[in-house]
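Descriptive structure summary
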Amino acid sequence: MSAPPLNLKVIEGEVEFHVTAANKPCKTWYKAIGDLGARRPLIVLHGGPGATSDVMLSLADLAEKHGIPVIFYDQLGNGNSTHLPEKMGDISFWTEQLFLDELDNLLGQLGVQDDYDVLGHSWGGMLGARHATRQPKGLKHLVISSSPADMGLWVQIQNALRTELPQDVQDTLDKHEKDGTTASDDYQAAMRVFYSRFLCRMDPWPKELDESLAWIDKDSTVYFTMRALVKSSTNGPSEFYITGPLKDWSIIDEAHKIAVSTLLLNGRYDEARDPAVEPFFREVPHIKWFTFAESSHLSHFEERERFMEIVAGFLLG
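Read on for a plain summary of the structure. In this text, all values refer to a predicted model and were calculated from it rather than measured experimentally.

Glancing now at the overall build of the protein. When its secondary structure is counted, the protein shows 11 helices and 8 strands. Scored against the burial criterion, the 317 residues of the protein give a buried share of 57%. Taking the contacts inside the protein whose residues are at least 6 apart along the sequence as the reference set, 73% of them involve residues at least 24 apart. Entry remark: accessible area of the protein is about 13100 Å², with carbon and sulfur atoms responsible for 49%. Measuring between centres, the 30 positive side-chain charges of the protein sit 2 Å from its 46 negative side-chain charges.

Looking now at the side chain of Arg227. Positionally, Arg227 belongs in helix α8 (residues 221-228). Among the polar contacts listed, one links the side chain of Arg227 to the backbone oxygen of Gly48, at a separation of 3.3 Å.

Okay, the pattern of salt bridges next. Applying the stated criterion across every chain yields a total of 19 salt bridges. The residue Arg304 makes a salt bridge to Asp61 at a minimum N-O spacing of 2.6 Å. One end of the pair, Arg304, is in helix α11 (residues 304-316); the other, Asp61, is in helix α1 (residues 60-66), and 243 residues separate them in sequence. By relative accessible area, Asp61 is classed as buried at 7%. Lys175 is paired through a salt bridge with Asp179; the nearest N and O atoms lie 3.1 Å apart. With Lys175 and Asp179 both in helix α5 (residues 167-179), this residue pair falls 4 residues apart, about one helical turn. Exposure remark for Lys175: the relative accessible area of 48% places this residue in the partly exposed category. Here the salt bridges do not stand alone but share partners, grouping Glu96, Arg130, Glu254 and Lys257 into one network.

Time to look at the packing of helix α2 (residues 96-110) against helix α3 (residues 123-133). It is the contact of α2 with α3, at a shortest axis distance of 10 Å, that shows an interaxial angle of 75°. Taken together, α2 and α3 sit at an angle that is classed as roughly perpendicular. For the pair α2 and α3, the contacting residues are Glu96, Phe99, Leu100, Leu103, Asp104 and Leu107 in the first and Trp123, Leu127, Arg130 and His131 in the second.

In this chain, Gly48 is followed by Pro49 through a cis amide linkage whose omega measures -10°. Relative to the helices and strands, Pro49 is located in the loop between β3 (42-45) and α1.

Counting 51 residues, the largest nonpolar core has Ile43, Leu76, Trp94, Phe99 and Phe280 as the members making the most contacts within it. The biggest single contributor to this core is α2, with 6 residues. Among the nonpolar cores identified, the runner-up in size contains 45 residues, and Leu8, Val44, Phe194 and Leu298 belong to it.

Moving on: the packing of aromatic side chains. Applying the stated criterion to the full structure yields 9 aromatic pairs. Relative to Trp123, the ring of Phe99 lies with its centre 5.9 Å away and its plane at 80°, an arrangement referred to as edge-to-face. With Phe99 in helix α2 and Trp123 in helix α3, the pair connects residues that are 24 residues apart, well separated along the chain. Phe99 gets classed as buried once you look at its relative accessible area, which sits at 0%. With 5.0 Å between their ring centres and 65° between their planes, Phe194 and Phe198 make a pair best called edge-to-face. Of this pair, Phe194 and Phe198 are both found in helix α6 (residues 185-198), 4 residues apart, which corresponds to roughly one turn of the helix. Of the two residues, Phe194 and Phe198, both sit in the buried class. In this structure an aromatic cluster arises from ring pairing among Phe93, Trp94, Phe99 and Trp123. A cation over an aromatic ring shows up here: Arg201 above the ring of Tyr269, its NZ or CZ 3.8 Å from the ring centre. A cation over an aromatic ring shows up here: Lys218 above the ring of Trp215, its NZ or CZ 4.3 Å from the ring centre.

About the criteria used
- Residues numbered from 1 in each chain as written.
- Predicted model: local features only at pLDDT ≥ 70, side-chain atom pairs only at ≥ 80, totals over all residues.
- Heavy atoms only, no water.
- Helix = DSSP H or I, 4+ residues; strand = E, 2+ residues; numbered from the N terminus.
- Buried < 20%, exposed > 50% of the residue type's maximum accessible area, 1.4 Å probe, protein only.
- Contact = heavy atoms within 4.5 Å.
- Areas by Shrake-Rupley, 256 points an atom, 1.4 Å probe, with all protein chains shown as cover.
- Lys, Arg positive; Asp, Glu negative; His and termini not counted.
- Charge placed at Lys NZ, Arg CZ, Asp CG, Glu CD.
- Polar contact = N/O pair within 3.5 Å; in protein donor to acceptor, adjacent residues only side chain to side chain.
- Salt bridge = Lys/Arg side-chain N within 4 Å of Asp/Glu carboxyl O.
- Axes fitted to C-alpha atoms, helices over the stretch in contact; angles between N-to-C directions.
- Parallel < 35°, antiparallel > 145°, perpendicular 65-115°, else oblique.
- Core = buried A, V, L, I, M, F, W, Y, C linked by side-chain atoms within 4.5 Å.
- Phe/Tyr/Trp six-rings, centres within 6.5 Å; stacked < 30°, edge-to-face > 60°.
- Lys NZ or Arg CZ within 6 Å of the ring centre and 35° of its normal.

Laid out in structure tokens, this is it:
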């Protein structure tokens, strides 16, 4: 993770997170940038599941340029937090509730549970939205960035986007999925074409994105279990087939319970296209929606300055 500007206060540490089923001590790693006592902090929830907070680090700009303290953390099983590779495939352990409990624990351990904002990206926005439906008393604002309201909608859109790829790329994807060889270099190269259009349109990619993806390569327990039940040497999860416990995830029936002021964000070229996020806009009572014209899934990098202006204006307005 890159270093923040030297003039900002930085606290890095771990908090204990008691998980009985883990059968060992667990800790959540966090990094707070800015003065937590000066203004309401923003808690940042990274995506995946299975990525890390590295890919969200650009939000340190909110502390540097707008004075908003930002708290990053790696969700359990990822990055600098406790890893549990022995829990690969254990869908009774890796649940949405586990990560909701971890967020509540972090808020309490850091003493910010009575006054805080949340920004979640992709899976992090799904998690943040569910947290908000519980109507925690300390939550004041919610930002949902490039997050689907329903995984069925997400998969439909990914398969529609796939048809926009060059025919030879589509043929490569089809062949390796049919043969069960999605771990091959050719398949991964074809997926890179997909991601270069709908995940991040920057060339080269931000190093923070590569660093976050590298963590998945080091330990794919969370990523594979929640998206595809178990890891296979030839067939793993993809954007097109979600077979794990997230397959039936939806918040459409509960979104109306989100009582706080909410900002919904996505990009024009996003994996999270308008039909995937629209249910939030339809169901959440107090919500604004902004689409970044030149971004795909990582608008906080692709249109970094504009992203920070929009988010800071919402949080401070």
